[in-house]
Amino acid sequence: MSDTIHPLLLCGGSGTRLWPLSRKSYPKQFAKLTGDESLFQASARRLAGDGFAEPMIVTGSDFRFIVKEQLADVGLTPAAILIEPDGRNTAPAILAGALALEEREPGALMLVAPSDHVIPDDERFRDVVRAAVAAATDGKLVTFGIRPDRAETGYGWLELNTLLSDDFAPEAQPLKAFVEKPDAETAQIMLDGQKHLWNAGIFLFTTTTLIKAFERHASDMLEDVRAAVADAQDDIGFIRLAETPWSKLSSDSIDYAVMEKADNLSVIPYGGVWSDLGGWDAVWRESGPDADGVVCNGPSTAIECHNTLLRAEDSKQELVGIGLKDIIAVAMPDAVLVAHKDRAQDVKRAVAALKAKEAVQAETLPRDYRPWGWFESLGTGTRFQVKRIVVNPGAALSLQSHVHRAEHWIVVEGTAKVTIDDEVKLVQENQSVYIPLGAVHRMENPGKVPMVLIEVQTGSYLGEDDIIRYEDIYSRGQGAKG
């Protein structure tokens, strides 16, 4: 058996506790929260290098091109990108990855990790993973426990049989029990008792060991996921899991489906810095507050503030805090969050409230990312909308038409190759073109720099689902995103 470690990155979820920066349309793993890379990019690079194979990714259809593009930006090529028909929590996703890897390399070592964690010391973490290989090869389901430094109620915990060692040596030991997210009193007792670690949701095992665990503890799920993998379709390099068997699956975590029932568990302590960035309080903590406990990101200014996070995402606005204490303030172009730092975990309640009132800000960012680039709305009225559209070099929108709107395109940077019915022409900077209602049209960027245009839509309905696709180089279907 090879000692090569095959990473499986889980790349779904909506990250509601980091609203308004993280939303369903573009969740936190793709955002640059604590550095120059997205959390997803940092996670992928962390699990690369000597002894690590190219990563596998499990994600949703809307994010498949973002995943591919962000990996390319850091020089990584995925071994496979599995597309879930819809989210079913971690157990089916991990099992699908294991079955797909088992087909390519039976009995391979698979490292499962979320794609939105912060672990600054990459090499130390890789060393700890390598230290777990012997136990995983020996048939153990190995989980990694994080050194706790506070009585955290937002994490699950892992209970050990013995006291933690002072040096946090990365040695495998039996795991006594999983502990659900505790109340404050229980968390403090576990912290003081020095027999508990935080549960990071990171695992190492062989594909054979995991599949046997599902055979024993979740055979129904194994049957449906196996069918979803067996009937998966290739989609221009992505692997689309079959929808019919996937729809039968219950939404279960890997802990609930298998780990809490297994008797071959081992845990390896990790004594380095770790955070799941599960709320704005964690972002504040991991961003390195100054002597007054203040963190300022973007165009923001703090005056006589303490233990406060100010974050502004739009270069055209300034966020100023005066005399704030223990406050989180996050300003986006379309939404602003102001909360006490102790209420960071309640941000998801705000998202639920916005969804209940059908506010678009609940789930959708102003900027919409597509495989060809992105667009954002600059202004709307009852019968018009103005957008800025950015098309990447060599990229092209689908050949399409609209039932309810006409469009006027003004190129402001670069050159557009425009198709309108049977006519194809180049539209240069400072030139414009009109797309009549119902015309079959396409926009392409034939240049080597991003092309930017302003689009003015007019019509009775301006929704993104008013689109009929005839051809698409990204093999998307019908609908807003295809």
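Note that this is a predicted model, so its numbers are computed, not measured.

Peer 1: What exactly am I supposed to notice about the UniProt feature "domain: Mannose-6-phosphate isomerase type II C-terminal" (unreviewed entry) in the protein here?
Peer 2: The feature "domain: Mannose-6-phosphate isomerase type II C-terminal" (unreviewed entry), as given by UniProt, occupies residues 367-472 in the numbering adopted here. Between the end C-alpha atoms of residues 367-472 the distance is 21 Å, and the span holds 0% helix and 59% strand.

Peer 1: Before we go on, may I ask you to explain the domain arrangement of the protein in this structure?
Peer 2: Interfaces are often sized by the amount of accessible area the parts lose when they come together. Here the domain parsing of the protein yields domain 1 (5-270), domain 2 (288-344) and domain 3 (367-471). For domain 1 versus domain 2, the separation of C-alpha centres amounts to 32 Å. With seven residues of domain 1 at the interface, the matching set in domain 2 holds nine residues. Roughly 610 Å² of surface becomes buried between domain 1 and domain 2 when both sides are summed, with 58% attributable to carbon and sulfur atoms. On the domain 1 side of the contact with domain 2, W19, P20 and L21 bury the most area, a combined 63% of that side's loss. The interface formed by domain 1 and domain 2 holds one salt bridge in total. The residue R23 makes a salt bridge to D334 at a minimum N-O spacing of 2.8 Å. Linking domain 1 to domain 2 there are three residue pairs in polar contact (both at pLDDT 80 or more). For the side of domain 1 that touches domain 2, a count of residues per class yields four nonpolar, no polar and three charged.

Peer 1: Got a minute to help me understand the sheet that holds strand β20 (residues 384-391) in this structure?
Peer 2: Paired through backbone hydrogen bonds, the strands of a sheet run either parallel or antiparallel to each other. Pairing is antiparallel across the open sheet formed by six strands, whose spatial order is β18-β19-β20-β27-β22-β25. Two strands lie at the open edges of the sheet, namely β18 (367-370) and β25 (432-435), each paired on one side alone. When the angles between neighbouring strand axes are averaged without regard to direction, this sheet yields 20°.

Peer 1: Please clarify how the packing of aromatic side chains should be interpreted in this entry.
Peer 2: Pairs of aromatic rings are described using the distance from one ring centre to the other and the angle between the two planes. Under the definition given, this model contains 12 aromatic pairs. Taking the centre distance of 5.1 Å and the plane angle of 65° together, the rings of Y155 and W274 count as edge-to-face. Here the residue Y155 occupies a position in the loop between β5 (141-146) and β6 (157-160), and W274 occupies one in the loop between β11 (265-270) and α11 (280-286), the gap between them amounting to 119 residues. For W274, a relative accessible area of 5% puts it in the buried group. A ring pair is formed by W157 and W198, whose centres lie 6.3 Å apart and whose planes are at 90°; its orientation type is edge-to-face.

Peer 1: Please explain the UniProt feature "domain: MannoseP isomerase/GMP-like beta-helix" (unreviewed entry) in the protein as it appears in this structure.
Peer 2: Here, UniProt's "domain: MannoseP isomerase/GMP-like beta-helix" (unreviewed entry) annotation points to residues 302-354. Counted over residues 302-354, helix gives 15% and strand 40%. Its end C-alpha atoms are 28 Å apart.

Peer 1: Any chance you could explain the nonpolar core here in plain terms?
Peer 2: A general trend in soluble globular proteins is that nonpolar side chains are found buried together. L33, L111, F144, L204 and W280 are the most contacted members of the largest nonpolar core, which totals 91 residues. Counting residues in each nonpolar core, the second largest holds 48 residues, with L8, A91, V225 and V229 among its members.

Peer 1: When you look at the pattern of salt bridges in this model, what are you seeing that I'm missing?
Peer 2: Side-chain pairing between opposite charges can occur once the charged atoms of the two side chains come close. The tally for this structure, following the rule as stated, stands at 27 salt bridges. With its nearest N and O atoms 3.5 Å apart, the salt bridge here joins R216 to D263. Of this pair, R216 sits in helix α7 (residues 207-217) while D263 sits in the loop between α10 (254-257) and β11, and the two are 47 residues apart along the sequence. In this pair, the class of R216 matches that of D263, namely exposed. Between R476 and D472 there is a salt bridge; the shortest N-O distance is 2.9 Å. Both residues of the pair, R476 and D472, count as buried. Shared partners join several salt bridges into a network, and the residues in it are E123, R126, D127 and R130.

Peer 1: Explain the sheet that holds strand β17 (residues 336-340) here, please?
Peer 2: Read from one edge of the open sheet, four strands run β12-β14-β16-β17, paired in mixed fashion. Pairing within the sheet leaves two strands with one partner each, and these edge strands are β12 (294-297) and β17. Adjacent strand axes in the sheet meet at a mean angle of 5° when their direction is disregarded. Across five bridges, strand β16 (residues 327-331) lies against β17 in antiparallel orientation. Bridge pairing in β17 places I327 opposite H340.

Cut-off values and rules
- Residues numbered from 1 in each chain as written.
- Predicted model: local features only at pLDDT ≥ 70, side-chain atom pairs only at ≥ 80, totals over all residues.
- Heavy atoms only, no water.
- UniProt positions renumbered as here; feature names shortened; annotations may be inferred.
- Helix = DSSP H or I, 4+ residues; strand = E, 2+ residues; numbered from the N terminus.
- Domains from an automatic or database assignment.
- Contact = heavy atoms within 4.5 Å.
- Buried area = accessible area lost by both parts, 1.4 Å probe.
- Salt bridge = Lys/Arg side-chain N within 4 Å of Asp/Glu carboxyl O.
- Polar contact = N/O pair within 3.5 Å; in protein donor to acceptor, adjacent residues only side chain to side chain.
- Nonpolar A, V, L, I, M, F, W, Y, C, P; charged D, E, K, R; others polar.
- Pairing = 2+ DSSP bridges.
- Axes fitted to C-alpha atoms, helices over the stretch in contact; angles between N-to-C directions.
- Phe/Tyr/Trp six-rings, centres within 6.5 Å; stacked < 30°, edge-to-face > 60°.
- Buried < 20%, exposed > 50% of the residue type's maximum accessible area, 1.4 Å probe, protein only.
- Core = buried A, V, L, I, M, F, W, Y, C linked by side-chain atoms within 4.5 Å.

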